[in-house]
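Here are the chains, one letter per residue:
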Amino acid sequence: MVHCGLFTPFPACARADHAPKISLIPVVAGLIAVAAPAIVTAPILAALGFGAAGPVAGTAAAAAQAALGNVVAGSAFSIAQSAAMGGYGAAIVNGAVQGAGLLVTGISSAECLISGCGEDKK
């Protein structure tokens with residue numbers, strides 16, 4: 001039986017013989033984002049090129065800084081760079097990830113409650 005949930009492809013869940021089931025993937029991902037947001041933010045910031053010593057040469061962050069010229073304090077770029085350096089931006093970025101984690105967990109939980117939380121509907 002297909003476990004239909006937030007991240008399950010629609011055609012697999014559209015058949016009448018499949019009871020909607022909650023997918024644990026978004027619930028667990030949301031809880032991880034809330035409990036330890038750095039697990040989510042650190043790899044993303046690093047992949048974009050925001051490093052502990054500044055933008056890494058040859059990355060998207062370096063290209064953005066070159067295009068921006070003088071980076072304004074409080075801009076998205078400065079917040080992301082501050083987060084990568086462990087400064088004030090870390091609280092902002094981690095807070096945004098925690099909010100998104102709560103949203104994903106809430107939507108997934110609401111989907112479960114609406115669909116009957118995995119109870120077979122025959």
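Residues numbered from 1 in each chain as written. Predicted model: local features only at pLDDT ≥ 70, side-chain atom pairs only at ≥ 80, totals over all residues. Heavy atoms only, no water.

1. Comments concerning the overall build of the chain
This is how it is decided: The helix count covers DSSP runs of H or I at least four residues long, the strand count covers runs of E at least two residues long, and both are numbered beginning at the N terminus. Three labels apply to residues, based on accessible area from a 1.4 Å probe with only protein chains included: buried if under 20% of the type maximum, exposed if over 50%, partly exposed otherwise in between. Throughout, a residue-residue contact means that at least one pair of heavy atoms, one from each residue, lies within 4.5 Å. Computed with the Shrake-Rupley method and a 1.4 Å probe, the accessible areas treat only the protein chains shown as cover for residues.
For the chain, the helix and strand inventory stands at six helices and two strands. Starting at the N terminus and walking to the C terminus, you meet the elements of the chain as α-α-α-β-β-α-α-α. Within the chain, buried positions represent 31% of all 122 residues. Counted over contacts in the chain with a minimum sequence separation of 6, partners at least 24 positions apart contribute 45%. Surface summary for the chain: the accessible area is close to 7,200 Å², and the carbon and sulfur share equals 72%.

2. Let's talk about the environment of T105
Relative to the helices and strands, T105 resides in helix α6 (residues 88-115). Between the C-alpha atoms of T105 and P26, which are 79 residues apart in sequence, the distance is 6.4 Å. Once residues lying within four places of it in the same chain are set aside, the contact partners of T105 are P26, V27, G30 and L31.

3. Details of the environment of N94
How we decide: Polar contacts, as counted here, are pairs of nitrogen or oxygen atoms within 3.5 Å of one another; within protein the pair requires one atom able to donate a hydrogen and one able to accept it, and residues that are adjacent in sequence qualify only if both atoms are side-chain atoms.
Inspection of the secondary structure assignment puts N94 in helix α6. The spacing of N94 and A83 is eleven residues in sequence and 8.3 Å in space, taken between C-alpha atoms. A distance of 3.0 Å separates a polar atom in the side chain of N94 from a polar atom in the side chain of T41.

4. Quick notes on the nonpolar core
Here is the rule we go by: Put simply, a nonpolar core is a bunch of buried Ala, Val, Leu, Ile, Met, Phe, Trp, Tyr and Cys residues held in one set by side-chain atoms that sit within 4.5 Å of each other.
Counting eight residues, the largest nonpolar core consists of L45, F50, A61, F77, I79, A80, A83 and V93. Looking at which element gives the most residues to this core, the answer is helix α5 (residues 76-84), with four residues.

5. Observations regarding the packing of α5 against α6
Applied cut-off: Between N-to-C directions, angles span 0 to 180 degrees; the directions come from axes that are lines fitted to C-alpha atoms, helices contributing only their stretch in contact. Working definition: roughly parallel below 35 degrees, roughly antiparallel above 145 degrees, roughly perpendicular at 65 to 115 degrees, and oblique for all remaining angles. Under the convention adopted here, Pro, Cys and the residues Ala, Val, Leu, Ile, Met, Phe, Trp and Tyr are nonpolar, Asp, Glu, Lys and Arg are charged, and Gly plus all remaining residues are polar.
The contact between α5 and α6 brings their axes to 6 Å, and the two run at 100 degrees. By the angle class used here, α5 and α6 are roughly perpendicular. Residues S78, I79, S82 and A83 of α5 pack against Y88, G89, A90, I92 and V93 of α6. Its residues placed into classes, the contact of α5 with α6 shows six nonpolar, three polar and no charged.

6. Thoughts on α6
Here is the rule: For a helix, the expected span equals 1.5 Å multiplied by the residue count minus one.
Here α6 spans 41 Å end to end across 28 residues, near enough to the 40 Å set by a 1.5 Å rise per residue. Taken together, the buried positions of α6 are G89, A90, V93, N94, V97, G101, T105, S108, C112 and S115. Residues of α6 that are buried sit in contact with α2 (24-35), α3 (38-48) and α5.

7. Quick word on the packing of α3 against α6
In a pair of packed helices, the angle between the axes and the distance between the axes together describe the arrangement. Stated precisely, the cut-off is as follows: Here a crossing is taken to be left-handed if its near helix is turned anticlockwise relative to the far helix by less than a right angle, and right-handed if that turn runs clockwise.
Relative orientation of the contacting elements α3 and α6 amounts to 120 degrees, with a least axis distance of 9 Å. Viewed along their axes, α3 and α6 adopt a mutual orientation that is oblique. The interaxial crossing formed by α3 with α6 has right-handed handedness. When α3 is examined against α6, the residues A38, V40 and T41 are found in contact with a partner set consisting of V93, N94 and V97. Its residues assigned to classes, the contact of α3 with α6 shows four nonpolar, two polar and no charged.

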